[in-house]
Amino acid sequence: MNDRTANPRAWWFVLPVLVLVAFNALIPLMTVVNYSVQETFGDNVFFWEGLKWFEQVLNSDRFHESFLRQLAFTGMILAIEVPLGIAVALSMPRKGPWVSVCLVLMALPLLIPWNVVGAMWNIFALPDIGLLGRMINGMGIDYNFTQQPVAAWLTTVLMDVWHWTSLVVLLAYAGLCSIPDAYYQAAKIDGASAWAVFRYIQLPKMKRVLTIAILLRFMDSFMIYTEPFVLTGGGPGNTTTFLSIDLVKIALGQFDLGPAAAMSLIYFLVVLLVCWIFYTLTMRNESQ
Amino acid sequence: MAKIALQNLKHSYMTRTTSADDWALKEVDAVWENGGAYALLGPSGCGKTTLLNIISGLLVPTEGRVLFDDIDVTDTPTIERHIAQVFQFPVVYDTMTVYDNLAFPLRNRGVAEDKIASRVQTIAKMLDLESSLKRRASGLTADGKQKISLGRGLVREDVNVIMFDEPLTVIDPHLKWLLRSKLKELHQHVGATMIYVTHDQTEALTFADSVVVMHDGAVVQVGSPVELFEHPRHTFVGHFIGSPGMNVLPCEVHDGSVIFADAVVTTATPPASNSIDGRLEIGVRPEFVRFDTGGIAVEIVKVDDLGRVQIVETHRDGYTIKLVVDEDQEIPSENPRIAFNPDYTRLYVDKWVVDHEQ
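Residues numbered from 1 in each chain as written. Chains lettered and ligands numbered in written order. Predicted model: local features only at pLDDT ≥ 70, side-chain atom pairs only at ≥ 80, totals over all residues. Heavy atoms only, no water.

Novice: Lay out the domain arrangement of chain B in plain terms, naming residues and giving numbers.
Specialist: All names here are of chain B. Split by domain assignment, chain B resolves into domain 1 (4-236) and domain 2 (243-353). Computed over C-alpha atoms only, the centres of domain 1 and domain 2 are separated by 38 Å. The interface of domain 1 with domain 2 comprises 10 residues on the first partner and 12 residues on the second. For the pair domain 1 and domain 2, the summed buried surface comes to about 1100 Å²; carbon and sulfur atoms form 59% of the total. Linking domain 1 with domain 2 are zero salt bridges, by the criterion used here. (Domains from an automatic or database assignment. Contact = heavy atoms within 4.5 Å. Buried area = accessible area lost by both parts, 1.4 Å probe. Salt bridge = Lys/Arg side-chain N within 4 Å of Asp/Glu carboxyl O.)

Novice: Let's hear about the sheet that holds strand E21 (residues 346-349) of chain B: which residues, and what values?
Specialist: What holds strands together in a sheet is hydrogen bonding between their backbones, with the strands either parallel or antiparallel. Residue and element names in this part refer to chain B. Here we have four strands laid out as an open sheet, ordered E11-E15-E21-E22, and antiparallel in their pairing. Two strands lie at the open edges of the sheet, namely strand E11 (247-250) and strand E22 (352-353), each paired on one side alone. Pairing geometry for E11 and strand E15 (residues 280-284), over four bridges, is antiparallel. Paired with Pro 250 across the strands is Glu 281, a residue of E15. (Pairing = 2+ DSSP bridges. Helix = DSSP H or I, 4+ residues; strand = E, 2+ residues; numbered from the N terminus.)

Novice: Help me get a handle on helix H1 (residues 48-56) of chain B, residues and values and all.
Specialist: All names here are of chain B. Most of H1 is tucked away, with eight of its nine residues classed as buried. Listed as buried for H1 are Lys 48, Thr 50, Leu 51, Leu 52, Asn 53, Ile 54, Ile 55 and Ser 56. Directly after H1, the chain includes Gly 57, whose backbone phi takes a positive value near 90 degrees. (Buried < 20%, exposed > 50% of the residue type's maximum accessible area, 1.4 Å probe, protein only.)

Novice: Before we move on, can you summarise the interface of chain A and chain B with the specific residues and values?
Specialist: Many analyses report the size of an interface as the accessible area lost when the parts associate. On the chain B side, the residues contacting the 18 residues of chain A number 22 residues. Here chain A meets chain B over a buried area of about 1600 Å², counting both sides, of which 60% is carbon and sulfur. Of all residues in chain A, the largest losses of buried area upon contact with chain B belong to A:Ile189, A:Asp190 and A:Tyr200, amounting jointly to 40% of the total for that side. The tally of links between chain A and chain B comes to two salt bridges. A salt bridge links A:Asp190 to B:Arg152, with the shortest nitrogen-to-oxygen separation between them at 2.7 Å.

Novice: Quick one: what's the story with the environment of B:Pro225, residue by residue and with numbers?
Specialist: As for its position among the elements, B:Pro225 is in helix H7 (residues 225-230). The contacts of B:Pro225, once residues within four sequence positions are left out, are B:Leu205, B:Ala208, B:Asp209 and B:Val211.

Novice: So, the environment of B:Gly57: which residues are in play, and what are the values?
Specialist: All names here are of chain B. Assignment of secondary structure puts Gly 57 in the loop between H1 and strand E4 (63-68). Overall, Gly 57 belongs to the buried group, its relative accessible area being 13%. Between the C-alpha atom of Gly 57 and that of Ile 83, which follows or precedes it by 26 residues, the distance is 9.1 Å. Not counting residues up to four positions away in its chain, the partners in contact with Gly 57 are Thr 78 and Arg 81.

Novice: Go over the sheet that holds strand E14 (residues 263-265) of chain B, please, and point to the residues and values.
Specialist: All names here are of chain B. The strand order E12-E13-E14 describes an open sheet built from three strands, whose pairing is antiparallel. The open sheet has two free edges, formed respectively by strand E12 (252-254) and E14, since each of these has just one partner strand. With direction set aside, neighbouring strand axes in the sheet form an average angle of 50 degrees. Note: strand E13 (residues 257-260) against E14, three bridges, orientation antiparallel. Bridge assignment links Phe 260 to a residue of E14, and that residue is Ala 263. (Axes fitted to C-alpha atoms, helices over the stretch in contact; angles between N-to-C directions.)

Encoded structure:
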């Protein structure tokens, strides 16, 4: 294999991609890095600040709180959406005319723009005029997501579950459909119970797609902004202020570009780190 | 152990049947004796797998009955039929070890762990899997995985029938041969009825005592390999078994004698009457055709030297007739004439043999 001819001109073919990536990723990222280590008072005058903003963000209670809120939210929606998605996928028909009906119904929430989802749920859950809000209050439960933190959380989680469980369903369903019939027939002959079929055939065969599903749902929910912003605006108080909402408040509300840049870099590294750990762990299991 | 009887089995995958083509299985009647080794042989799409799945209970036939030891099991679920089935593509439970894979059918049936351990050891020994019992099943090669599939069938002691659905398709040729002899050995060892589905005549003929040839959703002949070779009851059997396949030549019947190419051909069984309705053909295997100066004049087109034998392709009136002759036999260069061995030359009407003995 050593008779390959090295032609340095081949590097020119990489150039267009390099330029594209530079403009949509590297350059914007570098401006953020730039802001994160400097202070500015306008007029494009910058003062070197070193790691001050990073220290400030990492030591601030505000960041800690929104970070914990974010973790709690992501944990909750993963704990609900993944099992629910698998359960729905298992109960969907695998053959026949209902397949496409189910698939379209499942895909519908995914097609709705995020701010529309937020607005829909906002109105849907309003205690005085919303269908859901009126119904809950009609049952004698005091529910007002604009004033009660618990109600605000429940509504936000419910909205996310409604919006994104379908993604898990579709991925899990694709995994299920790829299992050859012979596995089910063999399981029948081996006398396997429905649970054993799930545990030893369906779940292992869905592992790869579920890894992707969890990864996607983790990233998306960890960066969630539009839906809770439209639904609750981060309130009541700061109770549903997740990382992105907080970041926008700092950057555009208070115009503290330095701390905002430092925070977004920390934020980015956290997402990257978690994804990397998760991916490495699952892939290592795979190769064993 | 069980005797299997299939009575008037018919199956269609459609909910409404309008023509004969809608039936995957047209009409199957068969009795398979306890402890026999049977092969279901036929081209892809002839209904072999359908028949197998009906026997194992994965499919319920549209019409007809399945009997195990004279007990009707047509509506009995798979798990109660005590059958084992090995599929075309190896099925292993990826996350389990080889040991757990083999133990799985027993655990599902609530067998005690110590009993399981001894059974798994026995089976692993039979299949040469002892050294890999602790390994994850997903890491094995295709033939190793197929052995596990087979082992899961053998591990149960109450198995009536073991069925193989083209089990060697994904196995390398040299391992195929090994695994096939293993199966044959197992059959003598275990004594269960075995049904082996294949489209490969070599596999069928080496494995089975009795070969069931299927064509277009129907059983065309059941017999030993020798019977199928010497006495094909249907022109399809002649074509499908043997290499090259049987010569099938259109003919006429006049005054009680069979005429092909203006010559009278003597057949094993003479036609019953002077005029027979339907398409008339004679069938004779290339092995039973010889050069004969007093025979039918032909034109030699091609000679294939296969080493021990030569295959000679000849033409007469636009029809191809093949001969198998010994390697040292000389092939006539001028005015070649051929003759058919009357004991193995048969008359077929609408593809079925004309035969009064049976």
